[in-house]
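Spelled out, the chains give:
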Amino acid sequence: QVQLVESGGGLVQPGGSLRLSCAASGSIDSINTMGWYRQAPGKQRESVATINSGGSPNYADSVKGRFTISTNNAKNTVLLQMDSLKPEDTAVYYCYVARRFYPYWGQGTQVTVSS
């Protein structure tokens, strides 16, 4: 089992920045991928950014150049630096970990971009 604890959501004005953090604990060996998904009201959950065990990131086209995903050296924490935020980034953001290709999800953290 993998437990995920997220932090860092909140309310920010357009053009602002937020950083999301997700700490993984439990059976964290053999993690294949860590990342972030989001779900806006009335929309399907979508991938925002993921990073594999080799450190290669992958971004949704809508966030390229604005968001940066990273992990700590122990690879038990995944960060999402979000810059130049837009109202359309408003959503619940979910931390995601795949361990031996089995998915685990965080509880979600609300990000609201509004003036």
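### A word on the packing of aromatic side chains
Moving on, step 1. Taken as a whole and assessed by the stated rule, the structure comprises 4 aromatic pairs.
Moving on, step 2. For the pair Y37 and W105, a centre-to-centre distance of 5.0 Å together with 80° between the ring planes defines the contact as edge-to-face. Residue Y37 is found in strand β4 (residues 31-39), and its partner W105 is found in strand β10 (residues 102-105); the two are separated by 68 residues along the sequence.
Moving on, step 3. On the accessibility criterion, W105 (37% relative accessible area) is partly exposed.
Moving on, step 4. For the pair Y102 and Y104, a centre-to-centre distance of 5.2 Å together with 65° between the ring planes defines the contact as edge-to-face.
Moving on, step 5. Taken together through their ring pairs, the aromatic side chains of Y37, Y96 and W105 make up a single cluster.
Moving on, step 6. The residue whose ring lies beneath R45 is Y94, and the NZ or CZ to ring-centre distance is 3.8 Å.
Moving on, step 7. Here the basic side chain of R45 rests over the ring of W105, its NZ or CZ set 4.7 Å away from the ring centre.

### So, the nonpolar core
Moving on, step 1. Core analysis: the biggest nonpolar cluster contains 30 residues, and W36, L80, M82 and Y93 have the highest contact counts within it.
Moving on, step 2. When residues of this core are traced back to their parent elements, those giving at least two are β1 (2-7), β3 (18-26), β4, β5 (46-52), β7 (67-71), β8 (77-82), β9 (91-99) and β11 (109-113).
Moving on, step 3. Among all residues touching L80, those that are not within four sequence positions of it are L18, R19, L20, W36, V48, A49, F67, T68, I69 and Y93.

### Digging into the environment of S115
Moving on, step 1. Looking at the element boundaries, S115 is found in the segment after β11.
Moving on, step 2. Spatially, the C-alpha atoms of S115 and R100 are 42 Å apart, while their sequence positions differ by 15 residues.

### Let's talk about the state of the cysteines
Moving on, step 1. Tallied over the full model, the rule gives 1 disulfide.
Moving on, step 2. Across the disulfide, C22 is cross-linked to C95 (sulfur-sulfur distance 2.0 Å). Where C22 bonds to C95 through sulfur, the torsion about that S-S bond is close to -85°, and the disulfide is left-handed. In this pair, C22 is assigned in strand β3 and C95 in strand β9, connecting sequence segments 73 residues apart.
Moving on, step 3. A relative accessible area of 0% means that C22 is categorised as buried.
Moving on, step 4. Since its relative accessible area comes to 0%, C95 is described here as buried.

Conventions we followed
- Residues numbered from 1 in each chain as written.
- Predicted model: local features only at pLDDT ≥ 70, side-chain atom pairs only at ≥ 80, totals over all residues.
- Heavy atoms only, no water.
- Phe/Tyr/Trp six-rings, centres within 6.5 Å; stacked < 30°, edge-to-face > 60°.
- Helix = DSSP H or I, 4+ residues; strand = E, 2+ residues; numbered from the N terminus.
- Buried < 20%, exposed > 50% of the residue type's maximum accessible area, 1.4 Å probe, protein only.
- Lys NZ or Arg CZ within 6 Å of the ring centre and 35° of its normal.
- Core = buried A, V, L, I, M, F, W, Y, C linked by side-chain atoms within 4.5 Å.
- Contact = heavy atoms within 4.5 Å.
- Disulfide = S-S within 2.5 Å.

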